[in-house]
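Architecture at a glance
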Amino acid sequence: MWNQHYTTEEEHIWAWADALREEYRAITDAGLVVQIDDPSLAENWDQITPEPSVADYRAFTQIRIDALNHAIAGLPKDLVRLHLCWGSWHGPHTTDIGIADILPVVLQANVGQLSFEAANVRHEHEWTVWRDVAVPDDLVLVPGVVSHATNVVEHSELVAQRIRRFVDAVGPDRVIASTDCGLGGRVHADIAWAKLVALGEGAKAVTSA
């Protein structure tokens, strides 16, 4: 969203926060979950030239998390989910920032659920971060356990293993198994449904163990 009106980019961001808080409230007032889909929290990193330091990028992201918190202030936390990813484009993703570098800022978002990529081959290894980070006690993790980034359908036991990693970190009542990102338009519909079946079977294996 290009700024063609406001004096500063920060002023621009806060104007969006003021406008969107009305949209978000209308959704939660209807009893629905509002998912704030924000790949830019991670993806902005490799779109900035020259590459910023991690400290500078955290400061850049902090402004956006503060604005988000303003936009969702007063909403029922259990009806607010934040999704972050690395843009989900089909490519090498070798310039992605690591999740550990941005979590100190992202975890300041006053949301009830955090959705994130945890199944694609560039970021799956980062599940270990969740063993060491201080996760807010009321935050539900929504890790992706099947990926849009491959046509290969995950085995249900692999899905179960992925789910268990997060259950071990925060407990079974605070994990919702999900997809990395939206499957529509990224894999064939038949493959998407097969991945969702594998997700369900993997989750069932974990809950029945």
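Structure report, in brief. (Residues numbered from 1 in each chain as written. Predicted model: local features only at pLDDT ≥ 70, side-chain atom pairs only at ≥ 80, totals over all residues. Heavy atoms only, no water.)

**Structural notes on the packing of helix α1 (residues 9-29) against helix α3 (residues 54-72)**
Axis angle and axis distance: for two packed helices, these are the angle between their axes and the distance between the axes, and together they describe the pair. One way to put it is that α1 packs onto α3 with a least axis distance of 8 Å and a crossing angle of 30 degrees. Taken together, the axes of α1 and α3 are roughly parallel relative to one another. Between α1 and α3 lies a crossing of right-handed hand. Mapping the contact onto sequence places Glu 9, Glu 10, Ile 13, Trp 14, Ala 17, Asp 18, Arg 21 and Tyr 24 in α1 and Ile 63, Arg 64, Asp 66, Ala 67, His 70, Ala 71 and Ile 72 in α3. Within the contact of α1 with α3, the residues separate by chemical class into 8 nonpolar, 1 polar and 6 charged. (Axes fitted to C-alpha atoms, helices over the stretch in contact; angles between N-to-C directions. Helix = DSSP H or I, 4+ residues; strand = E, 2+ residues; numbered from the N terminus. Parallel < 35°, antiparallel > 145°, perpendicular 65-115°, else oblique. Left-handed = near helix turned anticlockwise from the far one by under 90°. Contact = heavy atoms within 4.5 Å. Nonpolar A, V, L, I, M, F, W, Y, C, P; charged D, E, K, R; others polar.)

**Section: the sheet that holds strand β2 (residues 80-84)**
Judged by pairing direction, the sheet is parallel, and its 5 strands sit side by side in the order β1-β2-β3-β4-β5 without closing on themselves. With partners counted over all chains shown, the strands left at the sheet margins are β1 (34-37) and β5 (178-179), one partner each. Inspection of the sheet shows strand β4 (residues 140-146) paired to β5 by 2 bridges, in the parallel sense. Residue pairing in the sheet places Val 146 in a bridge with Thr 179 of β5. (Pairing = 2+ DSSP bridges.)

**A few points about the side chain of Arg 162**
Its location among the elements puts Arg 162 in helix α5 (residues 156-170). Residues contacting Arg 162, with those up to four places away along its chain left out, are Ala 119, Glu 124, Val 145, Val 146 and Glu 154.

**Regarding the nonpolar core**
Among the nonpolar cores identified, the biggest contains 48 residues, and Ile 72, Leu 82, Leu 103, Leu 114, Phe 116, Trp 130 and Leu 141 are the most heavily contacted of them. Those residues in contact with Leu 103 that lie beyond four places of it in its chain are Leu 114, Val 129, Trp 130 and Val 133. (Core = buried A, V, L, I, M, F, W, Y, C linked by side-chain atoms within 4.5 Å. Buried < 20%, exposed > 50% of the residue type's maximum accessible area, 1.4 Å probe, protein only.)

**Things to note about the pairing of β2**
Along β2, 4 of the 5 residues are buried, which leaves the element largely enclosed by surrounding structure. In this structure, β1 lies alongside β2, joined through 4 bridges in parallel fashion. For Gln 35, the partnering residue across the bridge sits in β2 and is Arg 81. The handedness of the β2 to strand β3 (residues 113-116) crossover, carried by helix α4 (residues 99-106), is right-handed. (Right-handed = clockwise from strand over helix to strand, strands pointing away.)

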